[in-house]
Amino acid sequence: MDTSEDILQQASPDLVRGSETRRAAKSARLSPSFISWLQAGPMMLVFLAFFLIPLVFVVIVSFWDYNEYQLLPAFSGRGYTDTFEGCLAQLPDLCTIGKTYLKTLKLCFLVWAITLFIGFWVAYFLAFHVKSKTWQMGLSLLCTIPFWTSNVIRMIAWIPLLGRNGLVNSGLMKTGLINQPVEWLLFSEFSVVLALVHLFTFFMVVPIFNSMIRIDKSLIEAAYDAGASGLQTLVNVIIPLAKPGIVIGSIFVITIVMGDFITIGVMGGQQIAAAGKIIETRVNALQFPAAAANAVILLVITFLIITMMSRIVDIKKEL
Amino acid sequence: MTETTKKTGVSRRTLLKGTAGLAGLAAGSGAITGFPYVMSAEPKVLRYLGTAVNEGDDISKQCLKDTGIKIEYITATTDDVTKRVMTQPNSFDVLDTEYFSLKKLVPSGNILALDAKKIKEFDNITPVFTKGETPGGKKIGGQGTAPWKVLYLEGKDSKTFSKTPTEFVTLIPTVYNADTLGIRPDLIKRPISSWAELLNPEFKGKASILNIPSIGIMDAAMVVEATGKHKYADKGNMTKEEIDLTMKVMTEAKKAGQFRAFWKDFNESVNLMASGETVIQSMWSPAVTKVRSMGIACTFQPLKEGYRSWASGFCVSKGVSGPKLDWAYEFVNWFLSGYAGAYLNRQGYYSAVLSTAKANMEPYEWAYWMEGKPAEKDIKAPDGSLLEKAGAVRDGGSYEDRMGAVACWNAVMDENDYMVRKWNEFIAA
């Protein structure tokens, strides 16, 4: 700025004088709102290019027609009608798509509830029982260690443990607790939920821990001074203040589990249907519009769940 | 959508051509410094898209040695190969795919038929492909997408299959096999002779089939027919009623807890069998070999209803032309010239040209793999590891016996769309 003004001054000293100059300089300076747009810009562009535009494509393609080997860019609701084929006729029995979503929701709810329970107490321990900052850091780093191996490995590692001739079964047989291997340990809803909880509890711990360490300790002292019991402090002080973390963690877990098909496939022995699995089968059969339609349905359902959650807690306000 | 991908593909292709040109220029400049042989050396590179069946390091190394063609493997699952041909036809040069995919690939117009006249060994290709019979004259079952039904095109750019031989060949055959059930004889302890055993309540919670709809339904159909519930006109092209019936039988079995798990890839099937989670399941021959090489008894059990067969072969992308097309022919000719065929035979697959493969195998190997005779010496895999001790006999016997007993071929049905939806219901049940 300075140099350009200098140059201007040298060129025509008369012009650069008084209020006019100041106004010119002011208009050259960027307005604060423009700066904030500029700062948010890169993220917005990324969001636009890698999320919104592809999403618009998915919605568009979901209304296309298709045959064995190509997409036909003509408006058609076939992707949706095929998905719900026979659903009305089958009532009151649920059709495949209904059953699949019910199963997905059930798994999702179980995983959410368990990860929330475990995650909450892990975060609580880290935030309130571990006094030194160093230990807090150290222990939360410890939580990330499982993430040093890939998702797939952590999942597959359960198989030799839970199998018919796996460690758990052979251990139980040796102690004489059972004389037939327990079959439901692997390739069952149990193993699916177990693996998902194992994989995603961390996504609960971090946001909850994050909101908990920001709770002003004097509030807890005040509660104590006012004669609140431990449980009362927990219910009336800590949980309400940790809500944003709980909601953010829940959103992580719910969106991941709703869309998962790999864990459910591997741990469920490919026998448990999931919303994501339907999309995969459709894509593999080159039925892209039908896959897109299913993706839109899944998106809408997940979005509804998240909207409901953010009704309960106004994240924007809490942050 | 396809239009856009095509366009970007073209531009990428031009870019590649440009790079190739630059490389040529660089090579040319090398000539000035006194290495004249690099003058002709526009690097001969072919991008080879396929499943891992034919793709071996040894094959690509030998090919580079013999022809100077560098093979860049692009490995994908059968489904993904098809997807790629549809959406990114310019991302590969040579395509290695299965005959049943042709019903989708040919109408898409993204592949180029090869000229039979330029294939040296074309007339020596086993009659399994050209006539639907074994060299010994046994008629082979033609249900499903049998290769000879989709081998020829009417014209160069035709999208219709020709019933009579023409010079335009959709896929030059490379490898094929006859699939059946794999069993754990040590855990079953009695002879198994029918596909119906897959649904035998005796094996409740210990059976498995593969979760690839177009192949899984064929295995299911073999089972349904074996139990005598229904006789299909063509297992590879069912009517809606037949699909419903097949899936009903399978769903009932699933609900009764017959299946332990379904598998989707090679390794999953090996793990299920090796860990004893399943004792009977549909399986691929090299997967059985793998289980056996882990020291676990596993039999690729011949069954009285016959085998479900599959076959794959080569074609090239529509975008390939000029010298690249010549290299593609050179590569295909090399592939049929013996080394690769022998390599595949030693893995338990079958090669398309038997005479050249035979010339590249030891007589005792040929006798074991192809003639069903007891092994005179230890049988080793291509990597040198021990497969069978001397005296062993191949499951299912000779080439004649196995290929002659093929009942149906992997297929894409006319009602494929409906079938996939029903399959999803089966998985969800």
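Looking at an unreviewed UniProt entry, one finds chain B named ABC transporter substrate-binding protein, with Bradyrhizobium guangzhouense as its source organism.

Going by what an unreviewed UniProt entry lists, chain A is known as ABC transporter permease and is assigned to Bradyrhizobium guangzhouense. As stated in UniProt under Sequence similarities (unreviewed entry), the record for chain A gives "Belongs to the binding-protein-dependent transport system permease family. CysTW subfamily." Looking at the Subcellular location (unreviewed entry) heading of the UniProt record, one finds this comment for chain A: "Cell membrane".

> Can you walk me through the pattern of salt bridges in this structure?
In the structure shown here, the tally under the stated rule is 32 salt bridges over all chains. Between A:Arg78 and A:Asp65 there is a salt bridge, and its shortest N-O distance comes to 3.1 Å. Taken together, the residues A:Arg78 in helix α4 (residues 78-83) and A:Asp65 in strand β1 (residues 64-66) connect sequence positions 13 residues apart. A network of salt bridges, in which partner residues are shared, links A:Asp65, A:Arg78, A:Asp82, A:Arg282, B:Asp417 and B:Arg421.

> Sorry, what's going on with helix α8 (residues 240-255) of chain B here?
Two residues of an α-helix separated by three or four positions point the same way, owing to the 3.6 residues in each turn. All names here are of chain B. Taking 1.5 Å of rise per residue, 16 residues should cover 22 Å, and α8 covers 22 Å from first to last C-alpha, within 8% of that figure. At its buried positions, α8 is contacted by α7 (213-226) and α16 (416-428). After α8 finishes, the residue Gly257 shows a positive phi value of roughly 85°.

> Hey, could you run me through the environment of B:Met273 in this one?
Residues and elements named next belong to chain B. Counting through the fold element by element, Met273 comes out in helix α9 (residues 266-274). Here Met273 falls in the buried class, since its relative accessible area comes to 0%. Distance in space between the C-alpha atoms of Met273 and Val288 is 8.7 Å, their sequence separation being 15 residues. Apart from the residues lying within four places of it in its own chain, the contact partners of Met273 are Gly182, Ile183, Arg184, Thr278, Val279, Ile280, Gln281, Met283, Val291 and Cys298.

> What exactly am I supposed to notice about the side chain of B:Thr97 here?
By secondary structure assignment, the location of B:Thr97 is in strand β3 (residues 94-98). When near neighbours in sequence (up to four residues on either side) are disregarded, B:Thr97 contacts B:Val81, B:Leu105, B:Leu171, B:Ala311, B:Ser312 and B:Gly313.

> Is there a simple way to explain the interface of chain A and chain B in this structure?
Taken residue by residue, the interface counts 33 residues in chain A and 36 residues in chain B. In this assembly, chain A packs against chain B so that about 3100 Å² is buried in total across both faces, 50% of it on carbon and sulfur atoms. Across the contact surface, chain A and chain B share 3 salt bridges. Taking the shortest distance from any N to any O, the salt bridge between A:Glu183 and B:Arg260 comes out at 3.9 Å. Counting the contacts that link chain A with chain B gives 16 residue pairs in polar contact (both at pLDDT 80 or more). Within the residue set of the side of chain A that touches chain B, elements represented by two or more residues are β1, α4, α6 (96-129) and α15 (275-284) of chain A. Ranked by the residues each element gives to the side of chain A that touches chain B, the list is headed by α15(A), at 7 residues. Per-class residue counts for the side of chain A that touches chain B are 14 nonpolar, 10 polar and 9 charged.

> Looking at this structure, how should I read the nonpolar core?
A general tendency of soluble globular proteins is for nonpolar side chains to be buried together. Counting residues in hydrophobic clusters, the biggest one holds 84 residues, and the most contacted among them are B:Leu95, B:Ile172, B:Phe331 and B:Met403. By residue number, the principal contributor to this core is helix α11 (residues 322-335) of chain B, which donates 8 residues. When sequence neighbours within four positions are dropped, the list of residues in contact with B:Met403 reads B:Val128, B:Thr134, B:Ile140, B:Tyr176, B:Asn177, B:Ala178, B:Ser309, B:Tyr350 and B:Trp409. Ranked by size, the runner-up nonpolar core spans 68 residues in total, among them A:Tyr124, A:Ala127, A:Ile246 and A:Ala293.

Definitions and cut-offs
Residues numbered from 1 in each chain as written. Chains lettered and ligands numbered in written order. Predicted model: local features only at pLDDT ≥ 70, side-chain atom pairs only at ≥ 80, totals over all residues. Heavy atoms only, no water. UniProt positions renumbered as here; feature names shortened; annotations may be inferred. Salt bridge = Lys/Arg side-chain N within 4 Å of Asp/Glu carboxyl O. Helix = DSSP H or I, 4+ residues; strand = E, 2+ residues; numbered from the N terminus. Expected span 1.5 Å × (residues − 1). Contact = heavy atoms within 4.5 Å. Buried < 20%, exposed > 50% of the residue type's maximum accessible area, 1.4 Å probe, protein only. Buried area = accessible area lost by both parts, 1.4 Å probe. Polar contact = N/O pair within 3.5 Å; in protein donor to acceptor, adjacent residues only side chain to side chain. Nonpolar A, V, L, I, M, F, W, Y, C, P; charged D, E, K, R; others polar. Core = buried A, V, L, I, M, F, W, Y, C linked by side-chain atoms within 4.5 Å.

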